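Below are the chains, spelled out letter by letter.
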Amino acid sequence: MKNKVTIIARFSILTLIIASFSVAGLAVAQESPATKSSSLNAKDKTFMKKAARGGMMEVAAGKLAAQSAQSDDVKSFGNRMVTDHSKANDELKSIADKKSVKLPSKEPSEKWTSDKAYMAMMVKDHEKDLAEFKEEANTGSDPDVKKFAEDTAKVIQEHLDLAKETQGKLK
């Protein structure tokens, strides 16, 4: 009888040890960087990198417009690009950090020859960006990236409308 109790006690202790290691292993696996980005596919990562490059371009061009434009409307538009795209860039960086995605960090240098050229570039760029952000919002695999794309698409639509309005004032 004493032998049975000893065997059962040892078996119970062994079971507890194995269960402890299993739970600890599961906790470590949930915190690993590979698991953090498990819902990201290559398309989501590509979108994030393109969005980061585009956002940095918008900020750089907006700063130049705010400083160098002839028209007050174009200067105002440039300031809006700096404010809104800086905010979106910060949000995207936060998501990328959580998902262990390395975004490009090289600031582009933007040049344009006139207010009209800048506004034409902004209309064309925002039309392209709006399509890409809507596509990601509809077909992306990661919920955080999809929400970012959906929310930012609304702002891009506002920018496109404002760009067209500003462009119309320059004729």
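Residues numbered from 1 in each chain as written. Predicted model: local features only at pLDDT ≥ 70, side-chain atom pairs only at ≥ 80, totals over all residues. Heavy atoms only, no water.

1. Quick look at the nonpolar core
Note the following rule: In plain words, nonpolar cores are sets of buried Ala, Val, Leu, Ile, Met, Phe, Trp, Tyr and Cys residues tied together by side-chain atoms within 4.5 Å. Exposure classes here rest on a 1.4 Å probe applied to the protein chains alone. A residue is buried below 20% of its type maximum, exposed above 50%, and partly exposed in between. Under the DSSP-based scheme used, a helix requires at least four consecutive residues in state H or I and a strand at least two consecutive residues in state E, with every element numbered from the N terminus. Contacts were defined at the residue level, with two residues in contact if any of their heavy atoms lie within 4.5 Å.
Residues Phe47, Met48, Tyr118, Met119, Met122 and Phe133 are the most contacted members of the largest nonpolar core, which totals 34 residues. Listed by contribution, the elements that provide at least two residues to this core are α3 (42-68), α4 (72-99), α5 (115-139) and α6 (143-169). In this structure Tyr118 touches Ala61, Gly62, Ala65, Val74, Phe77, Gly78, Met81 and Trp112, once residues within four positions along its chain are discounted.

2. Side note on the packing of α3 against α4
Working note: a packed helix pair is described by the angle between its axes plus the distance between those axes. This is how it is decided: Lines fitted to the C-alpha atoms define the axes, with helices restricted to the stretch that makes contact. Angles between their N-to-C directions range from 0 to 180 degrees. By definition in this entry, angles of less than 35 degrees are roughly parallel, angles greater than 145 are roughly antiparallel, angles of 65 to 115 are roughly perpendicular, and the rest are oblique. For any helix crossing, the convention is left-handed if the near helix is rotated counterclockwise from the far helix by under a right angle, and right-handed if that rotation is clockwise. Nonpolar residues are Ala, Val, Leu, Ile, Met, Phe, Trp, Tyr, Cys and Pro. Charged residues are Asp, Glu, Lys and Arg, and all others, Gly as well, are polar.
Where α3 meets α4, the axes come as close as 7 Å, and the angle between the chain directions of the two elements is 150 degrees. Here α3 is positioned roughly antiparallel relative to α4, judged by the angle of their axes. Relative to α4, the crossing made by α3 is left-handed. Touching Met48, Ala51, Ala52, Gly55, Met56, Glu58, Val59, Gly62, Lys63, Ala65 and Ala66 of α3 are Val74, Lys75, Gly78, Asn79, Met81, Val82, His85, Ser86, Asn89, Leu92, Ile95 and Ala96, all from α4. For the contact of α3 with α4, a count of residues per class yields 13 nonpolar, seven polar and three charged.

3. Details of α3
This is how it is decided: A helix is expected to span 1.5 Å for every residue after the first. In the analysis that follows, any N or O atom pair within 3.5 Å is treated as a polar contact, provided that within protein one partner can donate a hydrogen and the other can accept it, and provided that, for residues neighboring in sequence, both atoms belong to side chains.
Along its 27 residues, α3 runs 39 Å from first to last C-alpha, staying within 8% of the 39 Å computed at 1.5 Å per residue. For α3, the side-chain oxygen to backbone nitrogen distance between the N-cap and Lys43 is 3.0 Å, and the N-cap itself is Asn41.

4. Side note on the packing of aromatic side chains
To keep things clear, this is the line we draw: Ring geometry is summarised as follows: Phe, Tyr and Trp rings, the Trp one being its six-membered ring, pair when their centres sit within 6.5 Å, and such pairs are stacked at plane angles under 30 degrees, edge-to-face over 60 and tilted between the two.
The full count for this structure, using the stated rule, is four aromatic pairs. Measuring from ring centre to ring centre gives 4.9 Å for Phe47 and Phe133, while their planes differ by 75 degrees; the resulting arrangement is edge-to-face. Of this pair, Phe47 sits in helix α3 while Phe133 sits in helix α5, placing them 86 residues apart in sequence. Residue Phe47 shares its accessibility class with Phe133, and that shared class is buried. Between Phe77 and Tyr118 the ring centres are 6.1 Å apart and the planes differ by 70 degrees, which places this aromatic pair in the edge-to-face class. Residue Phe77 is located in helix α4, and its partner Tyr118 is located in helix α5; the two are separated by 41 residues in the primary sequence. Of the two residues, Phe77 and Tyr118, neither departs from the other in class, the shared state being buried.

5. Quick word on the packing of α5 against α6
One can describe the packing of α5 onto α6 by two numbers: an axis separation of 8 Å at closest approach and a directional angle of 155 degrees. Judged on the interaxial angle alone, α6 and α5 are roughly antiparallel. By crossing handedness, the relation of α5 to α6 is classed as left-handed. Split by residue class, the contact of α5 with α6 holds 14 nonpolar, seven polar and seven charged.

6. Focus: the confidence of the model for the protein chain
Selection criterion: The predictor's confidence in any single residue is recorded as pLDDT, a number from 0 to 100.
With 77% of its residues at a pLDDT of 70 or more, the protein chain shows a mean pLDDT of 85. Here residues 31-37 scores under 50 on pLDDT; set against residues more than four positions off or in separate chains, the count is eight contacts.

7. Details of the side chain of Asp84
Relative to the helices and strands, Asp84 resides in helix α4. A distance of 2.6 Å separates a polar atom in the side chain of Asp84 from a polar atom in the side chain of Arg80. Residues in contact with Asp84, not counting those within four places in the same chain, are Val155 and His159.

8. A few points about α4
If you check α4, its first and last C-alpha atoms are 40 Å apart, about what 28 residues at 1.5 Å a residue would give, namely 40 Å. Ser100 sits one or two positions beyond α4 and adopts a positive phi of about 60 degrees.

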